[in-house]
Amino acid sequence: MLQNIIDELTLYEKMVLKGLESFNYETTPENIVESQNLNIKSVMSAAGALESKGLIEVQKDVDEVISLSNTGKEYAEEGLPERRLLKVLNDENEIPMKDLGTKADLDSSEVKIAIGWLLKKKWAIIDKGVVKITDEGRNAVSKEYSDELLLDKLLEVNKMLFFDPSKLIKEGFDLLKKRKGILDVKKEHKYYLKVTEKGKQLLDMGIELKEEATQLTHEQLKTGSWRDLKYRSYDVHAEHPETFPGKMHPLQRTIEDIRQIFLKMGFTESRGSILESAFWNFDCLFQPQDHAAREMQDTFYIKEPKNVNLPSNKLVENVRMAHETGGNTGSEGWGYSWDIEVAKQSVLRTHTTCVSARHLAEHEPPLKMFSVGRVFRRETITYKHLPEFHQVEGIIAAEDITFRNLLGILKEFYHKLGFEVRFRPAYFPYTYLSVECEIYLPHKETWIELGGAGMFRPEVLEPLGVETPVAAFGLGIERLAMLRLDIKDIRMLYKSDIGWLRHLPVKLD
Ligand code: DAH
């Protein structure tokens, strides 16, 4: 284990560790730079790596440091402008303002500074355009002020910690900081490296410093000298940037998984169109024309095109009879006067059951068909409702198909997605017997409703000319996706939240 760690150390990491050992396990990076003859960058990056491996501790302190700017250095060497002016004044006693620059060899901006500070330090006064030295000024000629002492010191030592109790620096600092561009105050990071217990154990095992091969040359491969080179082991746990593979959107992923399940169960796939006539969406499913689901507040009716062409007269007439009297279905029908104009209205399909109805009108049993598609209902958007969502719909039509077969198929389907399912009696205008499917949520210990199923009624089958029993189901997909993704808000599926999407697994369980 420890040997593995040693094998994965870079040469620089080894040198830093060894360096620390020679300083009795702790010292500054600067000392390592010197003793190992490395540059500070290499030492710091090796130290970072050693720290992440738990072999050393890197302590960090921030110091506030003051040093001289270029102007500061110039002043330290040549004297502050007011000091230079004072010297000339001392010789001449008084100088007219206009001659100051030439006499004291100062440029115009320095003259301003010099006068300002001369007055502030009370070394001179101005009288009718003439600068005159004061007694205090004369005294100051042979004395250095605290700001000048600080400049001298900084010139000598280069930089000082700001936090220094000496009075000299405090006063000088207060004076100098009032002037722009003399002092640089900077934060400096100080590091201190200490070998940890683990690092010490490693050092005790002995670390050999040997040049490592990083890139092989043609020559080394040809001569076989690569065999004698030392290679560093890879650290497969090393940190790496996160990468996000491209992948399908989780809702589409769920749809694909569902498609695969039905295809593998031997179903064929069909599609319908989103724009549908009320006839296929409602009437031929024996949904009476005054049914609540047909109301404007539940269904989107389309203005353009307002109507959709109906299929053959015969089918339309059969449906009319089923609704009005039951026709040849053995039923009494709904007993009202069926209106073909209502059936012609175009709607956004409210379920995919219309795809099944169309399929039955065009195909002979035996058959197994499923379809996946978007459906639309006038719902207010909330965390669990959207006005458009997806359903998977299916039918199994054959002489010997039974209600129990239907339940078995649904059970099988949900098991393949990893869910426990149960059935509750339900009502749909187009099926008898009818059930609702519920799946179990173990962590919540509850069941939630995911779809409907049943045996199509004779009132549906007879007008379509279907003579075998037909088992049918229609299941919601979004809720299923929410359970698989463990999300509480259905809107997440449509939000394109890139952070969330990136961190999802490529394959959903
Ligand atoms: N169409 C129903 C719905 O949207 C679901 C449904 C129930 C579909 C029973 C069927 C079925 O095929 O037999 O809620």
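In the block above lies the structure referred to throughout.
Let me sum up the structure you'll find in this document. (Residues numbered from 1 in each chain as written. Predicted model: local features only at pLDDT ≥ 70, side-chain atom pairs only at ≥ 80, totals over all residues. Heavy atoms only, no water.)

Further remarks concern the packing of aromatic side chains. Enumeration according to the criterion identifies 13 aromatic pairs in this entry. Pairing Trp123 with Tyr145 gives two aromatic rings, centres 5.1 Å apart and planes at 90°, and the pair type is edge-to-face. Remark: Tyr145 occurs in the loop between α9 (135-140) and α10 (146-157) and Trp123 occurs in the loop between α8 (108-120) and β4 (124-127); sequence separation between them is 22 residues. Using a relative accessible area of 0% as the deciding quantity, one classes Trp123 as buried. Classification of Tyr145 by relative accessible area gives partly exposed; the value is 22%. Considering the side-chain rings of Phe267 and Phe473, the 6.3 Å spacing of their centres and the 70° angle between planes classify their relative orientation as edge-to-face. On the criterion of sequence distance, the pair formed by Phe267 in the loop between α14 (250-264) and β8 (268-269) and Phe473 in strand β16 (residues 470-476) is long-range, its members being 206 residues apart. Grouping residues by exposure puts Phe267 and Phe473 together as buried. Linked through ring pairs, Phe262, Phe267, Phe370, Phe413, Tyr414 and Phe473 together constitute an aromatic cluster. The aromatic ring of Trp117 is capped on one face by Lys120, whose charged end is 4.3 Å from the ring centroid. (Phe/Tyr/Trp six-rings, centres within 6.5 Å; stacked < 30°, edge-to-face > 60°. Helix = DSSP H or I, 4+ residues; strand = E, 2+ residues; numbered from the N terminus. Buried < 20%, exposed > 50% of the residue type's maximum accessible area, 1.4 Å probe, protein only. Lys NZ or Arg CZ within 6 Å of the ring centre and 35° of its normal.)

At their nearest, the axes of α14 and helix α21 (residues 478-485) sit 10 Å apart, and the two run at 110° to each other. Taken together, α14 and α21 sit at an angle that is classed as roughly perpendicular. Along the contact surface, α14 presents Pro250, Leu251, Thr254, Asp257 and Ile258, while α21 presents Glu478, Leu480, Ala481, Arg484 and Leu485. For the contact of α14 with α21, the per-class residue count stands at six nonpolar, one polar and three charged. (Axes fitted to C-alpha atoms, helices over the stretch in contact; angles between N-to-C directions. Parallel < 35°, antiparallel > 145°, perpendicular 65-115°, else oblique. Contact = heavy atoms within 4.5 Å. Nonpolar A, V, L, I, M, F, W, Y, C, P; charged D, E, K, R; others polar.)

Further remarks concern the nonpolar core. It is characteristic of soluble globular proteins that their nonpolar side chains tend to be buried jointly. Counting residues in hydrophobic clusters, the biggest one holds 46 residues, and the most contacted among them are Phe262, Leu406, Phe413, Tyr414, Phe473, Leu480 and Leu493. Counting residues per element, this core draws most heavily on helix α19 (residues 403-416), which supplies seven residues. Those residues in contact with Leu480 that lie beyond four places of it in its chain are Ile258, Phe413, Tyr414, Leu417, Phe419, Ile439 and Leu450. (Core = buried A, V, L, I, M, F, W, Y, C linked by side-chain atoms within 4.5 Å.)

Right, let's talk about the sheet that holds strand β7 (residues 183-195) for a bit. As summarised here, the arrangement of the four strands in space is β1-β7-β2-β6, forming an open sheet in which the pairing is antiparallel. Whereas interior strands pair on both sides, the edge strands pair on one side only; in this sheet they are β1 (26-27) and β6 (159-161). Sheet analysis places strand β2 (residues 56-68) next to β7, joined by 13 bridges and oriented antiparallel. What sits directly across from Val65, in β7, is Lys186. Those strands touched by helix α2 (residues 11-22) are β1, β2 and β7, and its axis lies near 85° from that of β7. Seen against the sheet, helix α3 (residues 29-36) touches β1 and β7 and runs at an angle of roughly 70° to β7. (Pairing = 2+ DSSP bridges.)

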